[in-house]
Amino acid sequence: MTQPLTSIIIPCYNSEAFVGEAIESALGQSYSAVEVIVIDDGSTDGSVGVLESFGDRIRWETGPNRGACAARNRGIAMAKGELIQFLDADDLLHPEKLERQVAELERSGADMVCCFGQCDDPTNTMDGMYRRRYDGGDAVRFVLRGVLQTSAPLHRRENLEAVGGFREDLPCSQERDLHLRLACAGLRFHQLPTVLYTVRRMAGSVSSDSVKVLDQHVKILWPAYERLRERGELSDERARAFAGLLASDARAYLRQGHADRAAKYFAEARKMHPDGGLSAAYQGPARWLRRMLGPRATERLVGMKRRMV
């Protein structure tokens, strides 16, 4: 059987130290029907020289700095493949990633197949989030309950084009927005529970600024929420999941010392579901503490307990 061409799209901005390894991991796939497209986003270091060193093994272009999402969208426009794999310039694909996921995509008949990943530092507290299981249920609720990293899915290009690709106005959380829009469009998600990519956690990156990430969520959630409501597809469980994410975000704001932002998110969550997402955001003793002491005192006590452990 003819293998469907897969386009691996890599946005690059001042990634001279890492982009060569990312490209090698893309070129080193055991799956042979691959093209590698790198969009340099106005780098001022030696990134372009690294791209030039690969000759005609890759397709690439450079232009003004417009952000990673604009670079990814330009890569989609250039792609010849019917399948799309995104890869950040400081991350790595494992050699069998595409071979395993293409086979699973064809076997399952799904619209998108995602996989597990790992952090380059296994002691990083975020490592476990790259191995979050999907049980085959509601994809909207799956996306709302945790991050699906950019490199995890193998996409069908037509689906990305149908939803308009990445939003270019978001400074971070773009992958959550994209995956939520794909889920709201009714795409069938499928998971291969195998570690097939590695993420480097870079200090000082936009995604490492947790407050900036939280700030984007209300901009992402409301358009999806309204879209589902207009189509009559906003079940009570979905509305509760939307509210639960914002209430959990509000707790995170309180831990960061941003009481005003927390109050806003608690209020937005109450607009999405009558329980304000509290049943999802607070579990066990924390739920009782909130009823007795309120949100701010609860976070102080929970924080004290964490520091004592």
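Now for a quick tour of the structure.

The rules behind these values
- Here, residues in each chain are numbered from 1, in the same order as that chain's written sequence.
- Local features in this predicted model are restricted to residues of pLDDT 70 or higher, and side-chain atom pairs are both shown and tallied only at a pLDDT of 80 or more, whereas totals for entire chains, interfaces and linings draw on every residue.
- Neither water nor hydrogens contribute to the side-chain values; these are computed over all heavy atoms in the structure.
- Each helix is a run of H or I in the DSSP string that is no shorter than four residues. Each strand is a run of E no shorter than two, and both are numbered from the N terminus.
- As a reference, a globule follows 2.2 Å times the number of residues to the power 0.38, and the radius of gyration itself is taken over C-alpha atoms.
- Categorising residues by exposure relies on relative accessible area from a 1.4 Å probe, with only protein chains included: less than 20% of the type maximum marks a residue as buried, more than 50% marks it as exposed, and the intermediate range marks it as partly exposed.
- We call two residues contacting when some pair of their heavy atoms lies within 4.5 Å.
- The protein chains shown are the only cover counted for residues, whose accessible areas, like all others here, come from Shrake-Rupley with a 1.4 Å probe.
- Charge assignment: positive for Lys and Arg, negative for Asp and Glu; neither His nor the chain ends contribute.
- A charge is said to be at NZ when it belongs to Lys, at CZ for Arg, at CG for Asp and at CD for Glu.
- Definition used for salt bridges: Asp or Glu carboxyl oxygen within 4 Å of a side-chain nitrogen of Lys or Arg.
- Here, expected helix span is obtained from the residue count minus one, scaled by 1.5 Å.
- Strands are labelled as partners when DSSP assigns at least two bridges between them.
- In protein, a polar contact requires one atom able to donate a hydrogen and another able to accept it; more generally it is a pair of N or O atoms within 3.5 Å, and residues adjacent in sequence count only if both atoms are side-chain atoms.

### Here's the deal with the overall build of the chain
Logical step 1: Along its length, the chain carries 13 helices and eight strands.
Logical step 2: Scaling as 2.2 N^0.38, a compact globule of 309 residues should have a C-alpha radius of gyration of about 19 Å, and the chain matches this with 20 Å.
Logical step 3: By its C-alpha atoms, the chain is 65 × 40 × 35 Å across when sized along the principal axes.
Logical step 4: Taking all 309 residues of the chain together, 51% fall into the buried category.
Logical step 5: At a minimum sequence separation of 6, the contacts of the chain that also span at least 24 residues come to 74%.
Logical step 6: When the accessible surface of the chain is totalled, it reaches about 14,300 Å², and 50% of it is carbon and sulfur.
Logical step 7: In the chain, the 43 positive side-chain charges and the 42 negative ones have mean positions that sit 9 Å from each other.

### A word on the pattern of salt bridges
Logical step 1: Taken as a whole, this structure holds 21 salt bridges when the rule is applied.
Logical step 2: E168 serves as the salt-bridge partner of R66, at 3.5 Å between the closest nitrogen and oxygen. Residue R66 is found in the loop between β3 (59-62) and α3 (68-78), and its partner E168 is found in the loop between α6 (157-162) and α7 (174-184); the two are separated by 102 residues along the sequence.
Logical step 3: Residue classification places E168 among the partly exposed positions, given a relative accessible area of 42%.
Logical step 4: Residues R72 and D88 are paired through a salt bridge, measuring 2.9 Å at the closest nitrogen-oxygen approach. On the criterion of sequence distance, the pair formed by R72 in helix α3 and D88 in the loop between β4 (83-86) and β5 (92-93) is long-range, its members being 16 residues apart.
Logical step 5: You can call R72 buried: its relative accessible area is 6%.
Logical step 6: The network of salt bridges with common partners includes R167, D169, D177 and R181.

### A closer look at the environment of A152
Logical step 1: Structurally, A152 can be placed in the loop between α5 (139-144) and β7 (154-156).
Logical step 2: Sequence separation between A152 and Y130 is 22 residues, and the spatial gap between their C-alpha atoms is 8.4 Å.
Logical step 3: Not counting the four nearest positions on each side in its chain, A152 is found in contact with K97, Q101, V113, C114, C115 and Y197.

### Comments concerning α7
Logical step 1: With 11 of 11 residues buried, α7 lies mostly within the body of the structure.
Logical step 2: Of the residues trailing α7, G186 is marked for its positive phi of about 90 degrees.

### Digging into helix α8 (residues 210-230)
Logical step 1: For α8, built from 21 residues, the straight-helix expectation of 30 Å at 1.5 Å per residue is met to within 8% by its first-to-last C-alpha distance of 31 Å.
Logical step 2: Three or more residues of α8 are buried, namely V211, V213, L214, Q216, H217, V218, I220, L221, W222, A224, Y225 and L228.
Logical step 3: The secondary structure elements touched by the buried residues of α8 are α5, α7, α9 (236-255) and α10 (259-272).
Logical step 4: After α8 finishes, the residue G232 shows a positive phi value of roughly 70 degrees.

### A word on the sheet that holds strand β8 (residues 189-199)
Logical step 1: With mixed pairing, eight strands are arranged side by side in an open sheet as β3-β2-β1-β4-β7-β6-β8-β5. In this open sheet, the two strands that pair with only one neighbour each are β3 and β5.
Logical step 2: Pairing between strand β6 (residues 112-119) and β7: two bridges, direction antiparallel. Looking at the pairing, M112 lines up with H155 of β7.

### Focus: the side chain of H94
Logical step 1: With respect to the secondary-structure elements, H94 resides in the loop between β5 and α4 (97-108).
Logical step 2: In terms of polar contacts, H94 uses its side chain to reach the side chain of T198, at 2.8 Å.
Logical step 3: Discounting residues that sit within four places of it in the chain, H94 has contacts with Q29, Q118, V195, L196, Y197 and T198.

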